[in-house]
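An overview of the molecular structure
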Amino acid sequence: MRNDHDDNHVAEVAAWMERLATEPLPLQAPPDPGLIWLKAQMLRRWDAHRQTTASIDLGESVQVGVGAAGSLLLLLLFMWRGGAAFISSGPSLAIGMAISLVLLASAVIVAFPAATGRQPQHPSPRIRSES
Amino acid sequence: MYGQTAGPLRAYVVRTLGGIAHADDIVQETYLRALRRPLETADLREWRAYLFRIAGNLLTDHWRTRGREASVDDAAEPSVRDRDATLRLDLGRIFARLRPRDRQLLWLAYVERANHGEIAAAAGVRVQSVKVLLSRARNRLARLLRDTGQYGVGVR
């Protein structure tokens with residue numbers, strides 16, 4: 001619904017806004033365009049770098065996941081088939097178990113920082129991605 | 001491009017924020033974002049609309065971060081009745097008493113002379129809402145101009 005006073009205000013507001021637009025702004029020196037350009041180039045390089053290393057990061061995650069799953073499987077297999085009895089039956093099984101435990105532990109150590117949200121540092125903390 | 005857009009963009013950000021605090025940061029970040037994902041065109045009008053849209057997003061983020069639709073300058077502002085004659089003539093201070101969204105819409109409409117589509121894109125509102133929001137903003141400014149003795153001064 002149109003406001004009754006709207007038409008009366010249009011000319012008045014338009015004229016006043018024109019006056020406001022001509023008022024000098026209380027500003028200091030404008031941001032240096034050279035500095036902005038330099039920062040933008042750095043950010044673009046940073047974006048390109050992240051894009052390039054994204055597949056490597058993904059590969060690392062897959063590697064850790066497969067390692068963890070494999071060692072867990074070995075451990076479960078060992079436990080299912082008699083545990084301590086196998087250790088006494090030969091040194092190779094005990095070594096196998098130790099290796100699987102070491103693998104599992106190292107996978108957890110590698111995966112833990114990633115899971116807790118460790119992110120690469122951004123060169124400019126004020127810049128957020130445009131979503 | 002910077003030379004032709006920086007002035008209007010800074011004026012828009014400063015007037016919409018209602019003060020200079022954070023204004024240059026927002027202007028700088030606007031250009032950084034624009035240069036990070038540049039338009040493929042060299043058309044100044046499209047670049048200008050793009051910059052104003054980014055600045056609008058940043059202003060909205062700024063207000064959300066602040067948690068309220070008011071600036072620090074507004075909080076420090078004296079009441080209308082307390083103003084002396086000098087303050088009455090300070091158009092920027094009068095304008096800063098409006099809500100940020102109203103300031104944004106009025107500036108885009110009357111200074112940038114943006115159409116409803118451009119206003120909607122820059123302010124992050126629906127095109128259908130622009131007319132109503134603009135009308136309300138205009139009424140609030142008219143009321144404010146009356147309160148400050150500015151109504152009728154601008155029209156010659």
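Residues numbered from 1 in each chain as written. Chains lettered and ligands numbered in written order. Predicted model: local features only at pLDDT ≥ 70, side-chain atom pairs only at ≥ 80, totals over all residues. Heavy atoms only, no water.

1. Some points on the overall build of chain B
Let me state the cut-off plainly: Only DSSP runs of H or I reaching four residues or more are called helices, and only runs of E reaching two or more are called strands; each is numbered from the N terminus. Only protein chains enter the accessibility calculation, which uses a 1.4 Å probe; a residue is then buried when its area is under 20% of its type maximum, exposed when over 50%, and partly exposed in between. Here, two residues are considered to be in contact whenever any of their heavy atoms come within 4.5 Å of each other. Here the accessible surface of atoms and residues is derived via Shrake-Rupley with a 1.4 Å probe, and residues count as covered only by protein chains that are part of the display.
In terms of helices and strands, chain B carries 9 helices and 0 strands. Secondary structure elements of chain B, listed N to C terminal, follow the sequence α-α-α-α-α-α-α-α-α. Buried positions account for 53% of the 156 residues belonging to chain B. In chain B, of all internal contacts separated by at least 6 residues, the share reaching a separation of at least 24 is 60%. Accessible surface, chain B: about 7,400 Å² in total, of which carbon and sulfur atoms supply 49%.

2. Let's talk about the side chain of R103 of chain B
What counts, and what does not: Nitrogen and oxygen atoms within 3.5 Å of one another constitute a polar contact, given that in protein one can donate a hydrogen and the other can accept it, and given that sequence-neighbouring residues count only through two side-chain atoms.
Relative to the assigned elements, R103 of chain B resides in helix α7 (residues 100-111). A distance of 3.3 Å separates a polar side-chain atom of R103 of chain B from the backbone oxygen of R15 of chain B.

3. Remarks on the confidence of the model for chain A
Residue and element names in this part refer to chain A. Which entries qualify depends on this criterion: The pLDDT value expresses, per residue, how confident the predictor is, ranging between 0 and 100.
Residue-level pLDDT values for chain A average 73, and 66% of them are 70 or greater. Here helix α3 (residues 84-89) stands out as the element of chain A with the lowest mean pLDDT, 61, in contrast to helix α2 (residues 33-80), whose mean of 84 is the highest. Within the model, the stretch residues 120-131 combines pLDDT values under 50 with 26 contacts to residues more than four positions away or in other chains.

4. Let's talk about the packing of aromatic side chains
For clarity, the threshold we go by: Centres within 6.5 Å are what make two rings of Phe, Tyr or Trp a pair, Trp counting through its six-membered ring; a difference in plane orientation under 30 degrees is then read as stacked, over 60 as edge-to-face, and the rest as tilted.
One pass over the full model with this rule turns up 4 aromatic pairs over all chains. Their ring planes at 35° and their centres at 4.9 Å tell us that Y12 of chain B and F52 of chain B sit as a pair that is tilted. One end of the pair, Y12 of chain B, is in helix α1 (residues 2-17); the other, F52 of chain B, is in helix α3 (residues 44-66), with 40 residues separating them in the sequence. Aromatic rings pair up to connect W16 of chain A together with F95 and W107 of chain B into one cluster.

5. Description of helix α8 (residues 116-123) of chain B
Count 3.6 residues to each turn of an α-helix, and residues three or four apart come out pointing the same way. All names here are of chain B. Along α8, the residues classified as buried are I119, A120, A122 and A123. Against the buried residues of α8 lie α1, α3, α7 and α9 (127-147). You can read the cap of α8 off the contacts: a side-chain oxygen lies 3.1 Å from the backbone nitrogen of G117, and it is on N115. With its phi angle positive at about 70°, G124 sits one or two positions after the end of α8.

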